[in-house]
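Fold and geometry: a report
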Number of protein chains: 2
Amino acid sequence: MTENQITLHIIKTLKENKKKEFELILDELQPYDIAHIYENLPEKHQTRFLLFMNIDLIADLLEELNKDRQLEVLNKLGIEKTGKVLDLMDNDDLAVLLDDLSPEKIASLLSGMKKSESDIVQDIMKYPPETAGRLMTNRFVWIRDYYTVIEAVGKLKSFAEFAETINYLYVIDQDRKLVGVVSYRDLLIAEPDEPIRNVMYERVIAVTVTTDQEEVARLVEKYDFLAIPVVSDENVLMGIATVDDIIDVVIQEANEDIEKLSASGKSIDFETKAFVAAYRRLPWLILLLFIGIVSGSIISGYEDTLQKVVALAFFMPMISGMTGNTGTQSLAVVVRGLVSNDINKNVIFRLIMREFLVSLIIGIVCGVLISLIAFFWQGSAILGAVVGISLFLTLIIGTLAGTIIPIILYRLKIDPAVASGPLITTLNDIFSLVTYFGIATMFINHLM
Amino acid sequence: MTENQITLHIIKTLKENKKKEFELILDELQPYDIAHIYENLPEKHQTRFLLFMNIDLIADLLEELNKDRQLEVLNKLGIEKTGKVLDLMDNDDLAVLLDDLSPEKIASLLSGMKKSESDIVQDIMKYPPETAGRLMTNRFVWIRDYYTVIEAVGKLKSFAEFAETINYLYVIDQDRKLVGVVSYRDLLIAEPDEPIRNVMYERVIAVTVTTDQEEVARLVEKYDFLAIPVVSDENVLMGIATVDDIIDVVIQEANEDIEKLSASGKSIDFETKAFVAAYRRLPWLILLLFIGIVSGSIISGYEDTLQKVVALAFFMPMISGMTGNTGTQSLAVVVRGLVSNDINKNVIFRLIMREFLVSLIIGIVCGVLISLIAFFWQGSAILGAVVGISLFLTLIIGTLAGTIIPIILYRLKIDPAVASGPLITTLNDIFSLVTYFGIATMFINHLM
């Protein structure tokens, strides 16, 4: 059955008030699909759709909707049901939902919840955004270090429905400190009365609640984990971050890198309203406008030179375009490399030397090429030399700027992507114009 | 203990030939860490390091190394041990290792392997790169539809050590066709003698062997799966793709998008040699050089205009820079949006209308702003008007080019990121120069 057919079938059961049949259909669907169908359902059927669903399913549905839709659904549910649904939602997802709401709205939503659950959510919301504390869920199975294997399996079984992943069980001591991890596979092949202490793996890879989510993703990616435990500064087990959230982090961080590298404005997607998108894009464009004015005033400083040899203007876009591009090329390599490499002085030194060598090679190739083109086009060997030497130098400067600036920002704990896209464009524009017109002015008497 | 301390400890056990102690240390380490320690070990200790490890551990180690290192390790192992290790490696990882080797080398590596295992690898290698067929592993647990719950649990237990994920079991019929999936959690709460048919979930989300890896990642991401089954065209279950590989795909695809959008050259990372990096970056730069020449020849076509009003050159970098940037902004939104949206005519129409509205807003704001700046700077209202109108028009053209071109490429089944980064830069450069100098030439008599 296609999704359209399923939707029609569901509408039929809603109209004819056939709850049993409705439940049979939904039983075979993934929460993502249910959410998709709900979103495309005519308004008038949505209330009964929600009425027909049980609380668990509504909680699953909510986790797949965007924020506006979530609030819309909660409004339709009424206060009492809302509390029950929120109790069942993953705490990390609930924290995201509550994040930007007004204090009154948050209080009213939390008021219907169990105290234990609402306390947990409020705790999560205290952690800074984009940290492990915000990602973590409390839906995991912990065991005590004195358990036997059979006791651990027993606990896992009774919590299986509740746990987000059953591949690992985390072992804590009497102070709730994380002391080990045991995989369910290990339990299956161990002797039933073996103490967990002997089976568990003691060198646990964990993150603290304040670890940046990018670092969490890097660990999960390199160790191929399905989940990673999150501990407090005192090593008390607070929750786990699961791989499904990690994938979202990886996508989000990649999008952020792209947004920043292309200066495309924060969080614009297909749904963003035109005025909002324009508002988010304008800052970069206005910044670029002023950068353009700076470039312009540099050129105007060489007005005499330009007046005498108008042909210099022909090569301006090429030189600044290529300098900008080589800078962006290096920048992209560095920014993405910082995501997945262990950075130390040695690595940085080798990287800078490598990029310097790269810039020499591309500088020589492109410099010679443009000299020949300029010579044959404009019939002036001096002009060819001026353009070629300028390009050679600006490519080296541009490449090194694109390499060194993001590294400096990284060292200063500033996200290298945020400032360096526009920063490198500006600097390279200015470097390239000054170099080009500077060299041209030196040779001006030979050029005329 | 820090990694350095561990390394020193390991070297000590190697020197003193204490295998038991060596094994105790390695027992507590993750494969990723073992690989990292191995890579940093002095050459002279590496052979004994490998000698001390059992076959299983060497297979785990290999999966964490890059290709050159992998071949180096295999050389040290000798033919017989190599065969055993390759038998144990994940088939998808082994296929990657073999991918670019010479046919003789492949044959020699495969010769030491069990026939059943080498057949599977050779089958995987027949699928095109970047498809589900290449990603999948055969290390999963399948059950027959007539099994009871207790039989399924029994099978899972005996294969637990072998399976990559134990959260789901895939159900096949007598023709090995995929007919259902059951989660281990469902098994734990079901009655032991219930037939699997009654417990399983029949609407299985699966991909075929030729599905693009980006699509596989999209499904796993949206459904929050830990693994997704891969079937043949006849729905025969061939393998599963697991979330740890999916994370790698997501990172790889994001890097590819960034490489393409920033024209930064394919697969350059911190380890790439300078000559290789230069060679990979040069094509874009040389392309840009010729694009620059095209722009230059357009400007040279307006030499008279420029000669008469040199001040026009001052605004050139600003206009082409901003047009290029607004194009890249739209491009980034569209390229990333295509990754995560369901695309249909309706969505595309709304997107184009949205971007048109965005371009009107930013065109008016930036156009008015630059008019005023140009007027106060150069003292000419006409020049202000020429620059302002040009910028208004080029921002609209640039935005729409950045929106429509990637969509057309997507419709033509060409990866929108691949062609459109440089393509849009070129087109926008040409559009903006022609517009700017065209308008300036129309007003040339008033400008002087």
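Because the structure is a prediction, the values reported are computed rather than measured.

About the criteria used
Residues numbered from 1 in each chain as written. Chains lettered and ligands numbered in written order. Predicted model: local features only at pLDDT ≥ 70, side-chain atom pairs only at ≥ 80, totals over all residues. Heavy atoms only, no water. Helix = DSSP H or I, 4+ residues; strand = E, 2+ residues; numbered from the N terminus. Rg over C-alpha atoms; globule rule 2.2 N^0.38 Å. Buried < 20%, exposed > 50% of the residue type's maximum accessible area, 1.4 Å probe, protein only. Contact = heavy atoms within 4.5 Å. Areas by Shrake-Rupley, 256 points an atom, 1.4 Å probe, with all protein chains shown as cover. Domains from an automatic or database assignment. Buried area = accessible area lost by both parts, 1.4 Å probe. Salt bridge = Lys/Arg side-chain N within 4 Å of Asp/Glu carboxyl O. Polar contact = N/O pair within 3.5 Å; in protein donor to acceptor, adjacent residues only side chain to side chain. Least-squares fit on C-alpha atoms with pLDDT ≥ 70 in both. Nonpolar A, V, L, I, M, F, W, Y, C, P; charged D, E, K, R; others polar. Patch = residues over 30% accessible without salt bridge, like charges linked within 9 Å, V, L, I, M, F, W, Y side chains within 5 Å. Lys, Arg positive; Asp, Glu negative; His and termini not counted. Charge placed at Lys NZ, Arg CZ, Asp CG, Glu CD. Axes fitted to C-alpha atoms, helices over the stretch in contact; angles between N-to-C directions. Parallel < 35°, antiparallel > 145°, perpendicular 65-115°, else oblique. Left-handed = near helix turned anticlockwise from the far one by under 90°. UniProt positions renumbered as here; feature names shortened; annotations may be inferred. Pairing = 2+ DSSP bridges. Phe/Tyr/Trp six-rings, centres within 6.5 Å; stacked < 30°, edge-to-face > 60°. Lys NZ or Arg CZ within 6 Å of the ring centre and 35° of its normal.

1. Overview of the overall build of chain A
Secondary structure assignment for chain A yields 23 helices and six strands. Taken against the 2.2 N^0.38 rule, which gives 22 Å for 448 residues, the C-alpha radius of gyration of chain A at 30 Å runs more than 25% over that of a compact globule. Here the C-alpha coordinates of chain A stretch approximately 90 × 60 × 45 Å along the principal axes. For chain A, the residues scored as buried account for 55% of the 448 residues in total. Residue pairs in contact within chain A that sit at least 24 positions apart in sequence constitute 67% of those at least 6 positions apart. When the accessible surface of chain A is split by element, carbon and sulfur atoms take 58% of a total near 19200 Å².

2. Describing the domain arrangement of chain A
All names here are of chain A. Parsing chain A into structural domains produces domain 1 (3-131), domain 2 (142-256) and domain 3 (274-447). Inter-centroid distance (C-alpha atoms) of domain 1 to domain 2 is 28 Å. Contacts between the two partners involve five residues from domain 1 and, on the opposite side, 11 residues from domain 2. For the pair domain 1 and domain 2, the summed buried surface comes to about 640 Å²; carbon and sulfur atoms form 39% of the total. Put simply, domain 1 and domain 2 have zero salt bridges between them. Joining domain 1 to domain 2, the criterion identifies three residue pairs in polar contact (both at pLDDT 80 or more).

3. Topic: the environment of Leu188 of chain A
Within the secondary structure layout, Leu188 of chain A lies in helix H13 (residues 184-189). By relative accessible area, which is 18% here, Leu188 of chain A ends up buried. Sequence-wise, Leu188 of chain A and Gly296 of chain A are 108 residues apart; in three dimensions their C-alpha atoms are separated by 72 Å. Once you skip the residues sitting within four places of it in the chain, Leu188 of chain A turns out to touch Lys157 and Ala160 of chain B.

4. Overview of the relation of the copies chain B and chain A
The two copies are related by a screw motion: chain B maps onto chain A through a turn of 180 degrees and a shift of 0.0 Å along the axis, at an RMSD of 0.1 Å. Here the symmetry operator amounts to a two-fold rotation axis. The share of interface residues of chain B whose copies in chain A are also at the interface is 100%, consistent with both copies meeting through the same surface.

5. Topic: the interface of chain B and chain A
Tallying the contact residues gives 117 residues for chain B and 117 residues for chain A. Taken together, the links from chain B to chain A amount to two salt bridges. A salt bridge links Glu355 of chain A to Arg281 of chain B, with the shortest nitrogen-to-oxygen separation between them at 2.9 Å. Seen at the junction of chain B and chain A, the total is 21 residue pairs in polar contact (both at pLDDT 80 or more). By residue number, the principal contributor to the side of chain B that touches chain A is helix H17 (residues 274-301) of chain B, which donates 19 residues. Of the residues in the side of chain B that touches chain A, the class split is 69 nonpolar, 22 polar and 26 charged.

6. A look at the side chain of Thr7 of chain B
Residue and element names in this part refer to chain B. Examined against the element boundaries, Thr7 turns out to sit in helix H1 (residues 3-15). The exposure class assigned to Thr7 is buried, which follows from its relative accessible area of 11%. Discounting residues that sit within four places of it in the chain, Thr7 has contacts with Ile37 and Leu41.

7. With respect to a negative patch on the surface
A contiguous patch of negative charge on the surface is contributed by Asp56, Asp60 and Glu161 of chain A together with Asp186 of chain B. Tracing the sequence through the fold places Asp56 of chain A in helix H5 (residues 55-64). The exposure class of Asp56 of chain A is partly exposed, given its relative accessible area of 48%.

8. Considerations on the packing of H1 of chain B against helix H3 (residues 31-40) of chain B
Residue and element names in this part refer to chain B. Here H1 crosses H3 at 65 degrees, and the two axes come no closer than 11 Å. By the angle between their directions, the pair H1 and H3 is classed as roughly perpendicular. The way H1 lies across H3 gives a crossing that is right-handed. On H3, the residues touching Glu3, Ile6, Thr7 and Ile10 of H1 are His36, Ile37 and Asn40. Among the residues forming the contact of H1 with H3, the class breakdown is three nonpolar, three polar and one charged.

9. Section: the UniProt feature "domain: CBS" (unreviewed entry) in chain A
According to UniProt, the feature "domain: CBS" (unreviewed entry) maps to residues 136-199 and 200-258 of chain A in the numbering used here. In residues 200-258 of chain A, the share of helix is 46% and the share of strand is 22%. The end C-alpha atoms are 41 Å apart.

10. Quick notes on the sheet that holds strand S4 (residues 207-208) of chain A
Residues and elements named next belong to chain A. Within the open sheet, the three strands sit side by side as S4-S5-S6. Their pairing is mixed. The sheet is open, and its two edges are formed by S4 and strand S6 (237-242), each paired on a single side. Here S4 pairs with strand S5 (residues 227-231) via two bridges, running parallel. Pairing of Val207 across the sheet is with Val230, part of S5. Contacting S4, S5 and S6, helix H15 (residues 213-223) runs over the sheet at an angle of about 140 degrees to S5.

11. Considering helix H7 (residues 79-88) of chain A
One turn of an α-helix holds 3.6 residues; hence residues three or four places apart share an orientation. Regarding H7 of chain A, the residues found buried are Thr82, Gly83, Val85, Leu86 and Asp87 of chain A. Structurally, H7 of chain A contributes buried residues whose contacts are with H5, helix H6 (67-77), helix H8 (91-98), helix H9 (103-111) and helix H10 (115-126) of chain A.

12. Notes on the UniProt feature "transmembrane region" (unreviewed entry) in chain A
All names here are of chain A. Following the UniProt record, the feature "transmembrane region" (unreviewed entry) maps to residues 282-302, 314-335, 356-377, 383-410 and 422-444 here. Strand forms 0% of residues 356-377 and helix 100%; the C-alpha atoms that close the span are 31 Å apart. With 100% helix and 0% strand, the stretch residues 383-410 has end C-alpha atoms that lie 40 Å from each other.

13. Concerning the pairing of strand S2 (residues 168-172) of chain B
Residues and elements named next belong to chain B. Counted residue by residue, S2 has five buried out of five residues, so it is predominantly covered. Burial of the side chains of S2 extends over both faces: Tyr168, Tyr170 and Ile172 are buried on one face and Leu169 and Val171 on the other. Inspection of the sheet shows strand S1 (residues 142-144) paired to S2 by three bridges, in the parallel sense. Among the inter-strand pairings, Ile143 is bridged to a residue of S2, identified as Val171. Hairpin remark: S2 followed by strand S3 (residues 178-183), antiparallel, with five residues in the connecting loop; positive phi at Arg176, about 65 degrees.

14. Observations regarding the sheet that holds S3 of chain B
Residues and elements named next belong to chain B. If you trace the three strands from one edge of the open sheet to the other, you get S1-S2-S3, paired in mixed fashion. Lying at the two open borders of the sheet, with one neighbouring strand each, are S1 and S3. Pairwise comparison of adjacent strand axes, ignoring direction, gives a mean angle of 35 degrees for this sheet. Here five bridges tie S2 to S3, and the two strands are oriented antiparallel to one another. Note that in S3 the partner of Tyr170 across the bridge is Val181.

15. Quick look at the pairing of S6 of chain A
All names here are of chain A. Taking burial as the measure, the six residues of S6 include five buried ones, the bulk of the element. Bridge count between S5 and S6: five bridges; the pairing is antiparallel. Following the sheet pairing, Ala227 is matched in S6 by Thr242.

16. Quick look at the packing of aromatic side chains
According to the stated counting rule, one finds 28 aromatic pairs over all chains in the structure shown. Measuring from ring centre to ring centre gives 6.3 Å for Phe140 of chain A and Tyr170 of chain A, while their planes differ by 75 degrees; the resulting arrangement is edge-to-face. One end of the pair, Phe140 of chain A, is in the loop between helix H11 (132-135) and strand S1 (142-144); the other, Tyr170 of chain A, is in strand S2 (residues 168-172), and 30 residues separate them in sequence. A residue is classified by how much of its surface remains accessible, and Phe140 of chain A, at 8% relative accessible area, is buried. Taking relative accessible area as the criterion, Tyr170 of chain A reaches 2% and is therefore assigned buried. Each ring, one from Tyr436 of chain A and one from Phe437 of chain A, has its centre 5.2 Å from the other, and the planes form 50 degrees; the classification is tilted. Lying across the ring of Phe159 of chain B, Lys155 of chain B places its NZ or CZ 5.2 Å from the centre.

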